[in-house]
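Architecture at a glance
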Amino acid sequence: MSVLDGKVAAVTGAARGLGRVEALELAKLGARVVVADLGVAFDGSGNDKDAAQAVVEEIEALGGEAVAHYGDAADWNDAKAMLEKAVDTWGDFNILVNNAGFLRDKMIFSMSEDDFDAVVRVHLKGHFVGMRHASEYWRTRAKSGGEVYGRIISTASEAAIFASPGQPNYAAAKAGLIAMTGSAAHALLKYGITANTIMPRARTRMTSRGPTAQMFKQPEEGFDTFAPEHVAPLVGYLASPASANSSGNVFLVWGKSISVLQSPQHAADFQSEEPWTYESVDESLSKWLADKQPIKDSFIVTSM
Ligand SMILES: NC(=O)c1ccc[n+]([C@@H]2O[C@H](COP(=O)([O-])OP(=O)(O)OC[C@H]3O[C@@H](n4cnc5c(N)ncnc54)[C@H](O)[C@@H]3O)[C@@H](O)[C@H]2O)c1
């Protein structure tokens, strides 16, 4: 008996990188898995109908059960069809791993409207549509007296907190999906459904080029810190009944490390006896800001 026996999962962007190893991990733990992927190139262009099928075959070769779903993770109808495929094939839906995405890195002054829209769409709306359909499915089932087991796992990035300078589109979308997952966590609490976010670091197509390529390179010997496989066990745990007390949390995960991040904290408070004026704001804030740098240097330049 495995921890996810009888559970049905869908993983978006599961044909490659992190999504692939997460789908394999869920199957290894007993879940039946919809391997969902549009098979796009690094920048979101093109598509490949067969990409997801290769991972289905890997899962089946290991004795698991999986089906492929070809669709756009950020499309309302495609996301609904992904869920319907799970229910039609196996009779229920329990675990949603939102993971699909791509990059189009540019500094704020060079970014095109299309680069902004495409990246925000895939990472932010690409998390919304799956969560929207899955939560409606679970709520309807709960209201009709059915048993409900639901887990949502979202994929953010440290770009959301370090605000990488080459990724205004990506950083914004990843910060937004953390807030959206937190909102879903609150809304679904009464149904016993959890929603958590991970911030992974791993060597994938996304990090194997540009400034991060060297940092993520596979070592010639010893522990391979950035192998994507090290991220998957946390996803398995967050999908499992054992994680029932975790909802709305954000986990940073890579190598042998898992950190739990807290919400932004107060850094300072200022009160005025009278309504604020330019002068009183200047007097309060400038004194506090005097020994501070305008912004901390980010160690992440791009591609996280
Ligand atoms: N690799 C890292 O270190 C890292 C760090 C932080 C966050 N992330 C996040 O992890 C997730 C997975 O990234 P990865 O590194 O495995 O990248 P990857 O490029 O290896 O895999 C992404 C997969 O998503 C699919 N995809 C892209 N757009 C899609 C769409 N609209 N519909 C369906 N499928 C689509 C692609 O076809 C691809 O198979 C992303 O959300 C990424 O932002 C990765």
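These numbers come from a predicted model, not from an experiment. (Residues numbered from 1 in each chain as written. Predicted model: local features only at pLDDT ≥ 70, side-chain atom pairs only at ≥ 80, totals over all residues.)

1. Here's the deal with the overall build of the protein chain
- Counting its secondary structure elements, the protein chain contains nine helices and eight strands.
- Taking 304 residues into account, the globule formula puts the C-alpha radius of gyration at 19 Å, and the protein chain, at 21 Å, falls close to it.
- Projected onto the principal axes, the alpha-carbon positions of the protein chain cover approximately 70 × 50 × 40 Å.
- Counting all 304 residues of the protein chain, 46% fall into the buried class.
- Once local pairs closer than 6 in sequence are excluded, the contacts in the protein chain between residues at least 24 apart make up 72%. (Helix = DSSP H or I, 4+ residues; strand = E, 2+ residues; numbered from the N terminus. Rg over C-alpha atoms; globule rule 2.2 N^0.38 Å. Buried ≥ 20, exposed ≤ 12 C-beta atoms within 10 Å, placed from the backbone. Contact = placed C-beta atoms within 7 Å.)

2. Concerning the packing of helix α3 (residues 76-90) against helix α4 (residues 113-143)
- Following both chains from N to C, one finds α3 and α4 inclined at 45 degrees, their axes separated by 9 Å at the closest point. In this view, α3 runs oblique relative to α4, as classed from their interaxial angle. Crossing hand, α3 versus α4: right-handed. Across the interface between the two elements, W76, A79, K80 and L83 of α3 pack against V129, G130, H133, A134 and Y137 of α4. (Axes fitted to C-alpha atoms, helices over the stretch in contact; angles between N-to-C directions. Parallel < 35°, antiparallel > 145°, perpendicular 65-115°, else oblique. Left-handed = near helix turned anticlockwise from the far one by under 90°.)

3. Details of the sheet that holds strand β3 (residues 66-69)
- Read across the sheet, eight strands follow the order β3-β2-β1-β4-β5-β6-β7-β8 without closing on themselves; strand pairing throughout is mixed. Here the strands that pair on one side only, and so sit at the sheet edges, are β3 and β8 (257-261). Each strand of the sheet is rotated relative to its neighbour by a mean of 20 degrees, with strand direction disregarded.
- Judged from the five bridges that link them, strand β7 (residues 250-254) and β8 form a sheet pairing that is antiparallel. (Pairing = 2+ DSSP bridges.)

4. Re the nonpolar core
- By size, the foremost hydrophobic cluster in this structure holds 83 residues, and its most contacted members are A9, L26, V33 and V35.
- Aside from chain neighbours lying at most four places away, what touches L26 is L4, A9, V11, A31, V33, I95, G236 and A239. (Core = buried A, V, L, I, M, F, W, Y, C linked by C-beta atoms within 7 Å.)

5. A look at the environment of L18
- The residue L18 is located in helix α1 (residues 17-28) in this model.
- Between the alpha carbons of L18 and P200 there is a distance of 8.6 Å; along the sequence they are 182 residues apart.
- Ignoring anything within four residues of it in the chain, the contact list for L18 reads N99, P200, A202, T204, P228 and V231.

6. A few points about the site of the ligand
- Neighbouring the ligand are 31 residues; G13, G17, A100, G101 and T204 lie closest to it.
- Among the elements of the structure, α1 and α4 are those that each provide at least two residues to the shell around the ligand.
- A per-element tally of the shell around the ligand places α1 first, with three residues.
- For the shell around the ligand, a count of residues per class yields 13 nonpolar, 13 polar and five charged. (Near = placed C-beta within 6 Å. Nonpolar A, V, L, I, M, F, W, Y, C, P; charged D, E, K, R; others polar.)

7. What about the confidence of the model for the protein chain?
- Overall, the prediction assigns the protein chain a mean pLDDT of 94, with 97% of residues at 70 or greater.
- Of the regions scoring below 50 in pLDDT, residues 298-304 engages in 34 contacts with residues more than four places distant in sequence or in other chains. (pLDDT = per-residue confidence, 0-100.)

8. Observations regarding the packing of α1 against helix α8 (residues 232-239)
- Contact geometry of α1 with α8 gives a least axis separation of 9 Å together with a crossing angle of 50 degrees. Overall, the two elements α1 and α8 adopt an arrangement that is oblique. In this structure, α1 crosses over α8, and the sense of that crossing is right-handed. Facing α1, whose interface residues are V21, E22, E25 and L26, α8 presents A232, P233, V235, G236 and A239.
- For the contact of α1 with α8, a count of residues per class yields six nonpolar, one polar and two charged.

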